[in-house]
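# Notes for the structure review
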There are 2 protein chains.
Amino acid sequence: MLGSNGVHGVSHPRVDDRAGVPTGTASFYFRTRKALLHAIAARLAELDVADFSRMAELADDSSQFTGTAGLARIVMYVNSEPWLTRAKARYELALLAGRDAELAATLAGSAERLYALARDVVTQWHPAESAAEPALVDDQAIATLAFINGIMLTFVAGQPAVDSAEHLDRLIRGVIAGVAGVHGD
Amino acid sequence: MLGSNGVHGVSHPRVDDRAGVPTGTASFYFRTRKALLHAIAARLAELDVADFSRMAELADDSSQFTGTAGLARIVMYVNSEPWLTRAKARYELALLAGRDAELAATLAGSAERLYALARDVVTQWHPAESAAEPALVDDQAIATLAFINGIMLTFVAGQPAVDSAEHLDRLIRGVIAGVAGVHGD
């Protein structure tokens, strides 16, 4: 409801109605509007954790979910349901988080998981035998994360900048290699 | 008010109060809440046009505002006021625009100006004597735009991923060069 209809689309009676529970149920469990929105954030975080552990399983079974190709595949999921509506809900909450430290803390976990994933992919990109300079890995992870966040923003806006995991994979590899190329300039 | 306090922070009486005009003035000019939000979008677009023409003047006078260094400088402004609050207001409106085609159309102008700027910068990056392949320029512009949108998102979230125009310039050059490197893979 938050992802589809925005902050105005969420209210205790509407939650009761959608869930098919007696009027007053949502208010009983989440007394304030703030508590209701925090519960949404906590639920999104829970779904994220489940997605990430499923991804880790897939990565163990198949090379399709490792490296830049795996990252590209994961990002492309955000352009399909239910991830797209979840991403919209996350942006709604992110805007509220600027004025709500507790909400910001709940959302921080998901942001950190995505950063860790970008950093893993960057680390895998470096040949195993060479110790990558930490400042370079930082820059590559920052650039990769900003790039994929920008791409996900185009999905949420309904104007996807890329239409296949292969295309996105190529661009991610470009970003990582390109940042290495200008490092130390 | 929209950028600082979110959609809930905007109402006709609050606008009257902040503007120091008699109660009812905002309602007289913008009858509905929707009209008020559309007027904010139109005003943001107006400020954008003014910023862009000022930038074009600066680019004529100084090389500091051209190329990747100029783009980096412009993006860094978004981490300072009044641009930061304006950027927050724009994200608030962008989330509403998914359910409001007229609002989406008003916002599209600013997005197109930013894309055109990224494309200009990419075109300048190619040596004048060589005709750059259009598909490559597209990919570079898409990647550059996604990257700088992702960076601006970190400003809005209060966790800036870069702290200087020099650092950002280096990363932008990396993204553009890197996408050229993987083109045709």
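Quick caveat, the model's predicted, so the values are computed rather than measured.

### Some details on a nonpolar patch on the surface
A surface patch of nonpolar side chains, about 390 Å² in accessible area, is lined by Phe28(A), Tyr29(A) and Phe30(A). Tracing the sequence through the fold places Phe30(A) in the loop between helix 3 (25–29) and helix 4 (33–61).

### What to know about the relation of the copies chain B and chain A
In screw terms, the move from chain B to chain A is a rotation of 180° and a rise of 0.0 Å along the axis, fitting with an RMSD of 0.0 Å. Both chain copies can therefore be described as sitting about a two-fold axis. When the interface residues of chain B are mapped onto chain A, 100% of them again lie at the interface, so the same face is used by both copies.

### Structural notes on the nonpolar core
Phe147(A), Phe155(A), Leu168(A), Phe147(B), Phe155(B) and Leu168(B) are the most contacted members of the largest nonpolar core, which has 74 residues in total. Other than its neighbours up to four places away in sequence, Phe147(B) contacts Ala143(A), Ala146(A), Phe147(A), Leu168(B), Leu171(B), Ile172(B) and Val175(B).

### Some remarks on the interface of chain B and chain A
Facing 33 residues of chain B, the contacting portion of chain A comprises 33 residues. When the two sides are added together, the surface that chain B and chain A hide from each other amounts to roughly 2700 Å², 68% of it contributed by carbon and sulfur. For chain B, the biggest contributors to the area lost against chain A are Leu95(B), Arg99(B) and Arg170(B); these three give 20% of the whole. For the pair chain B and chain A, the interface holds 4 salt bridges. On the surface where chain B and chain A come into contact, there are 6 residue pairs in polar contact (both at pLDDT 80 or more). Where the side of chain B that touches chain A is concerned, the elements lending two or more residues are helix 1 (2–5), helix 6 (83–97), helix 8 (134–156) and helix 9 (165–182) of chain B. Taken together, the residues of the side of chain B that touches chain A sort by class into 14 nonpolar, 11 polar and 8 charged.

### Remarks on the packing of aromatic side chains
What describes a pair of aromatic rings is the distance from one ring centre to the other and the angle between the planes of the rings. One pass over the full model with this rule turns up 4 aromatic pairs over all chains. Ring centres of Phe28(A) and Tyr29(A) lie 5.2 Å apart, and the angle between their planes is 90°; on these two criteria the pair is classed as edge-to-face. Seen from their ring centres, Tyr77(B) and Trp83(B) are 5.1 Å apart, and the 55° between their planes marks the pair as tilted. Under the relative-accessibility criterion, Tyr77(B) is labelled partly exposed at 36%. Taking NZ or CZ as reference, Arg113(A) lies 6.0 Å from the ring centre of Phe52(A), over its face.

### A short note on helix 5 (residues 67–77) of chain B
Residues and elements named next belong to chain B. When you tally the buried positions in helix 5, you get 8 out of 11 residues, the bulk of the element. Buried within helix 5 we find Gly 67, Thr 68, Gly 70, Leu 71, Ala 72, Ile 74, Val 75 and Met 76. Among the structural elements, helix 4 (33–61), helix 7 (101–125), helix 8 and helix 9 are those in contact with the buried residues of helix 5.

### As for the packing of helix 7 (residues 101–125) of chain A against helix 9 (residues 165–182) of chain A
All names here are of chain A. In contact at an axis separation of 11 Å, helix 7 and helix 9 are set at 65° when each is read in the N-to-C sense. Relative to helix 9, helix 7 is oriented roughly perpendicular. As helix 7 runs across helix 9, the sense of the crossing is right-handed. Contacts between helix 7 and helix 9 pair Val 121, Val 122 and Trp 125 from the former with Ile 176, Ala 177 and Ala 180 from the latter.

### Quick look at the side chain of His126(A)
Checked against the element boundaries, His126(A) lands in the loop between helix 7 and helix 8 (134–156). Relative accessible area serves as the criterion here: at 12%, His126(A) is assigned to the buried category.

### A closer look at the side chain of Ser110(A)
All names here are of chain A. With respect to the element layout, Ser 110 can be found in helix 7. For Ser 110, a relative accessible area of 10% puts it in the buried group. Setting aside anything within four residues of it in sequence, one finds Ser 110 in contact with Ala 45, Asp 48 and Arg 90.

Rules used throughout
- Residues numbered from 1 in each chain as written.
- Chains lettered and ligands numbered in written order.
- Predicted model: local features only at pLDDT ≥ 70, side-chain atom pairs only at ≥ 80, totals over all residues.
- Heavy atoms only, no water.
- Patch = residues over 30% accessible without salt bridge, like charges linked within 9 Å, V, L, I, M, F, W, Y side chains within 5 Å.
- Areas by Shrake-Rupley, 256 points an atom, 1.4 Å probe, with all protein chains shown as cover.
- Salt bridge = Lys/Arg side-chain N within 4 Å of Asp/Glu carboxyl O.
- Helix = DSSP H or I, 4+ residues; strand = E, 2+ residues; numbered from the N terminus.
- Least-squares fit on C-alpha atoms with pLDDT ≥ 70 in both.
- Contact = heavy atoms within 4.5 Å.
- Core = buried A, V, L, I, M, F, W, Y, C linked by side-chain atoms within 4.5 Å.
- Buried < 20%, exposed > 50% of the residue type's maximum accessible area, 1.4 Å probe, protein only.
- Buried area = accessible area lost by both parts, 1.4 Å probe.
- Polar contact = N/O pair within 3.5 Å; in protein donor to acceptor, adjacent residues only side chain to side chain.
- Nonpolar A, V, L, I, M, F, W, Y, C, P; charged D, E, K, R; others polar.
- Phe/Tyr/Trp six-rings, centres within 6.5 Å; stacked < 30°, edge-to-face > 60°.
- Lys NZ or Arg CZ within 6 Å of the ring centre and 35° of its normal.
- Axes fitted to C-alpha atoms, helices over the stretch in contact; angles between N-to-C directions.
- Parallel < 35°, antiparallel > 145°, perpendicular 65-115°, else oblique.
- Left-handed = near helix turned anticlockwise from the far one by under 90°.

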